[in-house]
Amino acid sequence: MSNSLQDVQDFFTDLNAKYNMLRAACTNDTDRTALELQYSRAQAAYQTSLGQTLASDDPQVATLGTEFTAASAVVKNAVEEMGDMSKVIDGITDAVNIAAKIVGFACPGVII
């Protein structure tokens, strides 16, 4: 099983590296605002996950880890294609929503 918290951290690190390019590709304020919101949520997930641990035998965590891996791949493909920014942002939103659930297992009560 992959380390789900490390995957969340890696996702943000990659998103952070591509943020300026993604923001420049946004053609309207709605997309820029949506991207900024998801970037902030991804950053919060990253910061919250630092130094945390998860039970490696929890089946819910394993399922979320698998879902997160798939969602991250969708984002990677969407960014590589850079066609429709709303699809890129939707992919980021899906990944961040799953990341928030993963972090929630490590830090119960934290809302991202």
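About the criteria used
- Residues numbered from 1 in each chain as written.
- Predicted model: local features only at pLDDT ≥ 70, side-chain atom pairs only at ≥ 80, totals over all residues.
- Heavy atoms only, no water.
- Helix = DSSP H or I, 4+ residues; strand = E, 2+ residues; numbered from the N terminus.
- Rg over C-alpha atoms; globule rule 2.2 N^0.38 Å.
- Buried < 20%, exposed > 50% of the residue type's maximum accessible area, 1.4 Å probe, protein only.
- Areas by Shrake-Rupley, 256 points an atom, 1.4 Å probe, with all protein chains shown as cover.
- Expected span 1.5 Å × (residues − 1).
- Contact = heavy atoms within 4.5 Å.
- Polar contact = N/O pair within 3.5 Å; in protein donor to acceptor, adjacent residues only side chain to side chain.
- Salt bridge = Lys/Arg side-chain N within 4 Å of Asp/Glu carboxyl O.
- Axes fitted to C-alpha atoms, helices over the stretch in contact; angles between N-to-C directions.
- Parallel < 35°, antiparallel > 145°, perpendicular 65-115°, else oblique.
- Left-handed = near helix turned anticlockwise from the far one by under 90°.
- Phe/Tyr/Trp six-rings, centres within 6.5 Å; stacked < 30°, edge-to-face > 60°.
- Core = buried A, V, L, I, M, F, W, Y, C linked by side-chain atoms within 4.5 Å.

Asker: How would you sum up the overall build of the protein chain? Please name residues and give values.
Answerer: The helix and strand inventory of the protein chain stands at 4 helices and 0 strands. Sequence-ordered secondary structure for the protein chain, helices as α and strands as β, is α-α-α-α. Its C-alpha atoms give the protein chain a radius of gyration of 14 Å, near enough to 13 Å, the size a compact globule of 112 residues would have. If one aligns the C-alpha atoms of the protein chain with their principal axes, the spans along those axes are about 45 × 25 × 20 Å. Within the span of the protein chain, comprising 112 residues, buried residues form 38% of the whole. Total accessible area on the protein chain is roughly 6,100 Å²; 51% of this is exposed by carbon and sulfur atoms.

Asker: Report on helix α3 (residues 59-81), specifying residues and quantitative values.
Answerer: Residues spaced three or four apart along an α-helix face the same direction, because each turn holds 3.6 residues. Spanning 23 residues, α3 covers 33 Å between terminal C-alpha atoms, matching the ideal 33 Å at 1.5 Å per step. V61, L64, G65, F68, A71, V75, A78 and V79 are the residues of α3 that are buried. Tucked into the core, α3 has its buried residues touching α1 (4-25) and α4 (85-106). The N-cap of α3, judged by a side-chain oxygen 2.8 Å from the amide nitrogen of Q60 a few residues on, is D58. One or two positions beyond α3, positive phi appears at M82, with a value near 45°.

Asker: Which residues make up the pattern of salt bridges, and what values do they have?
Answerer: By the definition in use, this model includes 3 salt bridges. K18 is the partner of D14 in a salt bridge, and the nearest nitrogen-oxygen pair spans 2.8 Å. Of this pair, D14 and K18 both sit in helix α1, 4 residues apart, roughly one helical turn. Look at D14 and you get partly exposed, because its relative accessible area is 37%. The shortest N-O distance in the salt bridge between D29 and R32 comes to 2.8 Å.

Asker: Can you tell me about the packing of α1 against α4, naming the residues and giving the values?
Answerer: Close contact between α1 and α4 brings their axes to 11 Å; oriented N to C, the two are set at 155°. Viewed along their axes, α1 and α4 adopt a mutual orientation that is roughly antiparallel. The interaxial crossing formed by α1 with α4 has left-handed handedness. Seen from α1, the contacting residues are S4, L5, V8, F11, L15, L22 and A25; seen from α4, they are M85, V88, I92, A95, V96, A99, I102, V103 and A106.

Asker: Now, about the packing of aromatic side chains: what can you tell me, with residues and values included?
Answerer: Inspection of the entire model under this criterion finds 4 aromatic pairs. Summarising the aromatic geometry, the rings of F11 and F68 are spaced 5.5 Å apart at their centres and angled 70° between planes, so their arrangement reads as edge-to-face. Of this pair, F11 sits in helix α1 while F68 sits in helix α3; the two residues are 57 residues apart in sequence, bridging distant segments of the chain. Grouping residues by exposure puts F11 and F68 together as buried. What links up through ring pairs into an aromatic cluster is the set F12, Y19, Y39 and Y46.

Asker: Summarise the nonpolar core; cite the residues concerned and give the values.
Answerer: F11, L22, F68 and I92 are the most contacted members of the largest nonpolar core, which totals 32 residues. Mapped onto this core, the elements with two or more residues apiece are α1, α2 (29-49), α3 and α4. Per-element accounting of this core gives the leading share, 12 residues, to α4. Residues within four places of F11 in sequence aside, it is in contact with A42, F68, S72, V75, I92, A95 and V96.

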